[in-house]
Amino acid sequence: MSPFLFWIFALLTLIFGAAVVINRSPVASVLSLVVSFLGLAALFMSLNAYFIGIIQVLVYAGAVMVLFLFIIMLLDLRAEEGRQINWLASAGGLAVALILLGQIFSVVGHLTIAHKAFPPLPGSTIDDVRNIGAALFGNYNLPFQIVGVLVLVATIGVVLLSKREPR
Amino acid sequence: MITLGDYLIVSGILFVIGFAGVMLRRNLIIILMSLELMLNAANLSLVAFSRFRVDSTGLPDYDVQVFVFFIITVAAAEVAVGLAIIVALYRARQTTDVKDISSLKF
């Protein structure tokens, strides 16, 4: 992928990711998150992980975000009205985040492999769905089934949680 | 030329944005969305490492991509349960603001 496209999608992801945190209206936050996830899916595809990119669009930008929008509609949330902000707590949180950012930058800066380009792939096409499927149903069959049980448990839990208690 | 470090930096900045959202925002739904941002930042660095570490056949490391697949599945389940808890909480307290839910606060 050309560096130009990489920086376009990286900036798209980061700017709309920041918009999620900055926006006061929850609906605007959800829509920003959708754009951010689409940019992230493009970054996955630039890393030749096409299957993960498609999954990202289908599961995150599709299913999960619809769930968020639906809950916001259900709760009828308005934008936060101007409550006074606890400046001390906000400054503390921001300081911790900035320290973390500085730490990440210094770790990546000192990592020697971080300055190398990605090694080339053999062909122009790669069979990544087949390879992931072979790994998923071969080597990782047991974890895959355990994840299936986890999703079932989550489904039952959600039904139980959202059931109205009989009075 | 795009290096591994560029992807790691983008992933790190995305993680910090999500972290700042968890620290600064008080709406539970926005906090849950920021958690999703952090999970996706981790996924991005995992996929970048997967592409960087080609094996003897010259293909990316697919074990990592299976791991990312599991993370996406578990995150979807987590969002469903988290939103159900928020709905139950809203029914009980009529609020999604973390400042209003402080019964367990010491």
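Figured I'd write up the structure that's included with this text. (Residues numbered from 1 in each chain as written. Chains lettered and ligands numbered in written order. Predicted model: local features only at pLDDT ≥ 70, side-chain atom pairs only at ≥ 80, totals over all residues.)

**Quick notes on the overall build of chain B**
Here's step 1: A count of helical and extended segments in chain B gives 3 helices and 0 strands.
Here's step 2: Listed by position from the N terminus, the elements making up chain B come as α-α-α.
Here's step 3: Over its C-alpha atoms chain B spans a radius of gyration of 18 Å, topping by over 25% the 13 Å that the globule rule assigns to 106 residues.
Here's step 4: When its C-alpha atoms are laid out on the principal axes, chain B stretches across 55 × 25 × 25 Å. (Helix = DSSP H or I, 4+ residues; strand = E, 2+ residues; numbered from the N terminus. Rg over C-alpha atoms; globule rule 2.2 N^0.38 Å.)

**What about the interface of chain A and chain B?**
Here's step 1: Each partner contributes residues to the interface: chain A has 68 residues there, and chain B has 60 residues.
Here's step 2: Those elements that place two or more of their residues in the side of chain A that touches chain B are α1 (3-22), α2 (26-46), α3 (50-75), α4 (87-110), α5 (128-137) and α6 (141-161) of chain A.
Here's step 3: It is α3 of chain A that provides the largest number of residues to the side of chain A that touches chain B, a total of 11 residues.
Here's step 4: Residues belonging to the side of chain A that touches chain B are distributed by class as follows: 56 nonpolar, 10 polar and 2 charged. (Contact = placed C-beta atoms within 7 Å. Nonpolar A, V, L, I, M, F, W, Y, C, P; charged D, E, K, R; others polar.)

**Here's the deal with helix α3 (residues 62-93) of chain B**
Here's step 1: In a regular helix each residue adds 1.5 Å, so 32 residues correspond to 46 Å; α3 of chain B covers 46 Å between its end C-alpha atoms and thus fits that length.
Here's step 2: Within α3 of chain B, burial applies to Y62, V64, Q65, V66, V68, F69, V79, L83, A84 and I86 of chain B.
Here's step 3: Against α3, α5 and α6 of chain A together with α2 (28-52) of chain B lie the buried residues of α3 of chain B.
Here's step 4: One or two residues past the end of α3 of chain B sits Q94 of chain B, with phi positive at roughly 60°. (Expected span 1.5 Å × (residues − 1). Buried ≥ 20, exposed ≤ 12 C-beta atoms within 10 Å, placed from the backbone.)

**Concerning the packing of α1 of chain A against helix α1 (residues 4-24) of chain B**
Here's step 1: Remark: α1 of chain A packs on α1 of chain B, axes separated minimally by 9 Å, with the N-to-C direction vectors making an angle of 5°. Considered as vectors, α1 of chain A and α1 of chain B are oriented roughly parallel to each other. Residues F6, A10, T13, L14, G17, A18, V20 and V21 of chain A of α1 of chain A pack against D6, V10, I13, L14, I17, A20, G21 and L24 of chain B of α1 of chain B.
Here's step 2: Of the residues belonging to the contact of α1 of chain A with α1 of chain B, the class tally is 12 nonpolar, 3 polar and 1 charged. (Axes fitted to C-alpha atoms, helices over the stretch in contact; angles between N-to-C directions. Parallel < 35°, antiparallel > 145°, perpendicular 65-115°, else oblique.)

**So, the nonpolar core**
Across soluble globular proteins, you tend to see nonpolar side chains buried next to one another.
Here's step 1: Counting residues in hydrophobic clusters, the biggest one holds 60 residues, and the most contacted among them are L43 and F44 of chain A together with I29, M33, L44, V47 and A48 of chain B.
Here's step 2: Looking at this core, the elements that each hand over two or more residues are α1, α2, α3, α4 and α5 of chain A together with α1, α2 and α3 of chain B.
Here's step 3: Of the residues that make up this core, three or more belong to each of domain 1 (1-80) and domain 2 (127-167) of chain A.
Here's step 4: The residues contacting V47 of chain B, other than those within four sequence positions of it, are F44, L47, A49 and I52 of chain A together with Q65 and V68 of chain B. (Core = buried A, V, L, I, M, F, W, Y, C linked by C-beta atoms within 7 Å. Domains from an automatic or database assignment.)

**Details of the environment of A42 of chain B**
Here's step 1: Locating A42 of chain B in the fold gives a position in helix α2.
Here's step 2: Remark: the alpha-carbon pair of A42 of chain B and A77 of chain B, spanning 35 residues in sequence, is separated by 17 Å.

**A closer look at the packing of α1 of chain B against α2 of chain B**
For any two helices packed against each other, the geometry is given by the interaxial angle and the distance between the axes.
Residues and elements named next belong to chain B.
Here's step 1: One can describe the packing of α1 onto α2 by two numbers: an axis separation of 8 Å at closest approach and a directional angle of 165°. In terms of axis orientation, α1 runs roughly antiparallel to α2. Every pair of crossing elements has a handedness; the one defined by α1 and α2 is left-handed. On α2, the residues that touch L4, Y7, L8, V10, S11, L14, F15, I17, G18, F19, G21 and V22 of α1 are I30, I31, S34, L35, L37, M38, N40, A41, L44, S45, A48 and F52.
Here's step 2: Looking at the contact of α1 with α2, its residues break down into 18 nonpolar, 6 polar and no charged. (Left-handed = near helix turned anticlockwise from the far one by under 90°.)

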